[in-house]
Each structure stands twice: as structure tokens, then as C-alpha cells.
Amino acid sequence: MTTASRMPDPYGSGGGANLADILERVLDKGVVIAGDIKINLLDIELLTIKLRLIVASVDKAKEMGIDWWEDDPSLSSGARRREITEENERLKRRIADLEADSAGSTERELESAPDGNTEKA
Amino acid sequence: MTAANEMNHPQSGTNAETDGRAPARPESQQAPSGHPGLPEDELRYVYAVTRPFEGVLPEEGGRGLDGEPPRLLHHGDLVAVVSPVPAADFDEAPLKAHLEDLDWLAETARTHQRVITALTTVTSPLPLRLATICRDDSGVRRLLESGRARFVSALDRLDGRVEWGVKVYTHTPPPAAPSPEQAPAPSADAPGAGRSYLQQRLAHRRTRETAANRADAVCRRLQEELSQSAEHTVLHRLQDGRLSGRSGQNVLNAAFLVPRAASEAFVERVRALTPGDDESVKVELTGPWAPYSFTDIGEEEPT
């Protein structure tokens, strides 16, 4: 019943499955159960900087402070996002300035009003 | 051909407590408790847990880390697929050092994977993560014992299912128009020079954008339609060309859990959804894999 009748020929076993395909499964998936030899694959120093960047998730890499690709627009949209962030900062500062200006006048208005919002239930 | 044709029973009347593949190994004759005579320098590498199965592993690919066919260690209604490995390589310290070596890691991962693939031709194995290692056979039995509930439920859930990988790559076409340096610019400030440069840039950007849009549409359709033919879908992180050695940009890396019986139809579906005439979008199918990416599905769900 669990025989291999009617299975299509394997794809990828002849070379289509690349190292990344294999590592992302063998190293990152599959059942984790403690044997007698305790190795935490995430603690491995290597998995070389290469693997850390490539196989380890981006979040994990960021936790480790590896984020150089962020500045490279060809590798990620992070650089583009950064531009937007900077623009946002500029706009926020501008809004803060404007608010500071108008806050002065609002305060004056409130002072001249007969009663502010001092009533509280 | 399929392994079904090669089904035979090299040892009729296999004793459930001995190892199906290598009865001549001295340690397999030992009583399950204790392990007198077990070489101190040998450990047990466990590739997978399966239900007892009939049939033999295909010759090619059916060789483990020691170059021999893996042993089947029966314990109750479960089977551990193991190879003896030297402690000099697989004990904690040397293993840690080895795992830092990408070549060693790649070779070990490939062997692990070959054994799992061989197993998928005769049963539905539950693949364990790389480098699951016990001191001796009784350690392997303890492992089967302690993980029994998990193994049994996962084996039931995944019985008769395989995993197919589907990836999409885009190839950004190189700029069709000559770059500004090569362009026969009459003179930098000739009327129209700047404009034609900008037009070229714009045209290139449009080509790139439409290629990206086409790839996006292909990904969406694949994901939508294939998810319907699959029991579960998992999206893997996109692969980096430096490790995969693949050109083009990986824009979809998905895995689908499919019943064996439906595999042919699934593969057909992938073919049908693959754009045949688009050089900039490539679809790649890998499999059938053991259901690596689905070993934890349903573990927290109540089914």
C-alpha cells in the first residue's frame, strides 16, 4: 500500500535539487528529537557566515547583527525602505515644527477661554 | 523503474528484534539490553523513523554514511533507519567542528537525503533532522520509545504522502538599448540626447517591470491552483543564488504535500501552469521528497 507504484520519475534527484533545496530540508526541517549526542544546529558557529546569511532566516541573521544587505538596493528593498523612512522623518520633524507653532497659539486661545476642560467626572 | 518491481525478501522470517539488513553484524546479535562488545568508537546515526515495511531500498542511493545500506532497527511497531558512524566524527566535539565545514556538511546532508529518498520508494518515512545521533542501539530504542506518540501521529498523518517543491525564477533581461557610454551620442548637449537616454532607461525599466509582473502572475496562479491539489502548502524562504548556484532571482519557493496517488496529476498541473514561451520566468519542480516540510503540521492543531 505504501509502495511506489504509479509515482512519476523523481525530479531533481539527478541535479535539479540544488544544495539549498537539500539543506533547507535536511537542516531546517524534519523531526527534531534529542538523541544522545546533543547538538543544537542553530548554535553551530558556521553554518559559516555564508550559511547563516543564506539558510538561516533573515530574522535570525538580523538578531546576530548581520544586516549589510539592507543597504544594498540590489539585494533587498530595505534600502528603498530606508529612503522612505528618512523622508518620513523629515516630514515628522516638519509636522512637529508646525505643531509647535500652532500649539503656542492654541494655548493662548485656551487661556483666554472662560473654562477649559477642567470639569471631570 | 519503480522499486515495486524489485520487491523481494532477502531474509524471510526476519526477527523483529534484529536488524533486517545486516544480520551478520556482531552487535546486532546482542541482547537488546546492554551492549557488551559494542565498539566504543561507534555511534548510531538515525535518518528516519518508519512503520515496518517490506521491500528493499534501491541499490543506488540506498547507501548510508558508512557506505553500506542502512540498518533497520525494529522496536515495537516502529523502525529506526540507522547507520553506524565513527565517534571520531560524530561525537559532540568533532561533530560540532565538522558542521562548520561546508563541504562536510553538504556531503553529509546529501547522503542523509539520498537515504531518505531511497526510503520514499518503499514506504512513507518520517525524516529526522540532520545529525540525530545515539550512543548505541539501546539509545535508538530509547529515542523511539520517548518519541513514540509524536512519531505515530506524524506517520499516520503523512502516510502515503510526498512533498513536491516548486520554485519560480525570474531572469531580468539585460538592457536592450545600448548603454549611454556606448550610445553614439553625437554630443552630450546635442538636442534630444538627454531625452533619448531617459527614454532608453524608461523602456528598460518597463521591460523589467512587465517581467516582474508576469512572474508575479505565474507565482500567484501556481500557488492558488497547486494549493488546491495539495493537502498543505508551505512557503520556504527564497533561495540565494550563491548557495543554490542557480542563475536568476528566486521569487517563489513553495512545498506542497500531495498524496502519492495524486502525484502524477500534480506534476501535470505544474506543467500546465508553466509558461512555455516566456524566457524570463522559469518554473522548477523538485521531488518527490519525503514530507520534510510537513513533519510538524497538525502537531498543535487538534486533528
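Residues numbered from 1 in each chain as written. Chains lettered and ligands numbered in written order. Predicted model: local features only at pLDDT ≥ 70, side-chain atom pairs only at ≥ 80, totals over all residues.

Draft legend 1. Region of the structure containing the overall build of chain B. Helix and strand counts for chain B come out as eight helices and nine strands. Taken across its 303 residues, chain B has 36% of its residues classed as buried. Partitioning the intrachain contacts of chain B with sequence separation of at least 6 by distance along the chain shows that 78% fall at a separation of at least 24. (Helix = DSSP H or I, 4+ residues; strand = E, 2+ residues; numbered from the N terminus. Buried ≥ 20, exposed ≤ 12 C-beta atoms within 10 Å, placed from the backbone. Contact = placed C-beta atoms within 7 Å.)

Draft legend 2. Geometry of the nonpolar core. The biggest cluster of nonpolar side chains holds 68 residues, and the ones touching the most others in it are B:Tyr45, B:Val46, B:Val49, B:Ala80, B:Val81 and B:Leu119. Contact partners of B:Ala80, with chain neighbours within four places excluded, come to B:Val46, B:Val49, B:Leu73, B:His75, B:Val140 and B:Leu144. (Core = buried A, V, L, I, M, F, W, Y, C linked by C-beta atoms within 7 Å.)

Draft legend 3. Geometry of helix H1 (residues 19-26) of chain A. Most of H1(A) sits inside the fold, with seven of its eight residues counted as buried. Those residues of H1(A) that fall on the buried side of the exposure criterion are A:Ala20, A:Asp21, A:Ile22, A:Leu23, A:Glu24, A:Arg25 and A:Val26.

Draft legend 4. Highlighting the sheet that holds strand E7 (residues 232-235) of chain B. Residue and element names in this part refer to chain B. Read from one edge of the open sheet, four strands run E7-E8-E6-E9, paired in antiparallel fashion. Looking at strand neighbours, the two that pair on one side only are E7 and strand E9 (281-289), the edges of this open sheet. Neighbour to neighbour, the strand axes of the sheet diverge by 20° on average, direction disregarded. (Pairing = 2+ DSSP bridges. Axes fitted to C-alpha atoms, helices over the stretch in contact; angles between N-to-C directions.)

Draft legend 5. Expanded view of helix H6 (residues 193-229) of chain B. Helix length check: H6(B), at 37 residues, gives a terminal C-alpha distance of 54 Å against a target of 54 Å (1.5 Å per residue), a fit within 8%. Of the surrounding secondary structure, the elements contacted by the buried residues of H6(B) are strand E6 (161-170), strand E8 (249-259), helix H8 (263-273) and E9 of chain B. (Expected span 1.5 Å × (residues − 1).)

Draft legend 6. Summary view of unusual backbone geometry. Residues and elements named next belong to chain B. Here the amide bond leading from Gly-287 into Pro-288 is cis, since omega sits at 0°, within 30 degrees of zero. The residue Pro-288 is located in strand E9 in this model. The phi angle at Ala-131 is positive, at roughly 65°, despite the residue not being glycine. Note that Ala-131 resides in the loop between strand E4 (126-127) and strand E5 (133-134).

Draft legend 7. Molecular detail of the packing of H6(B) against H8(B). All names here are of chain B. Orientation of H6 relative to H8, taken along the N-to-C sense of each, is 165°, at an axis distance of 10 Å. Our classification of the angle between H6 and H8 gives roughly antiparallel. Considering the relative orientation of H6 and H8, their crossing is right-handed. Between H6, through Arg-221, Leu-222, Glu-225, Leu-226 and Ser-229, and H8, the contact on the second element is made entirely by Ala-265, Phe-266, Arg-269, Val-270 and Leu-273. Its residues assigned to classes, the contact of H6 with H8 comprises six nonpolar, one polar and three charged. (Parallel < 35°, antiparallel > 145°, perpendicular 65-115°, else oblique. Left-handed = near helix turned anticlockwise from the far one by under 90°. Nonpolar A, V, L, I, M, F, W, Y, C, P; charged D, E, K, R; others polar.)

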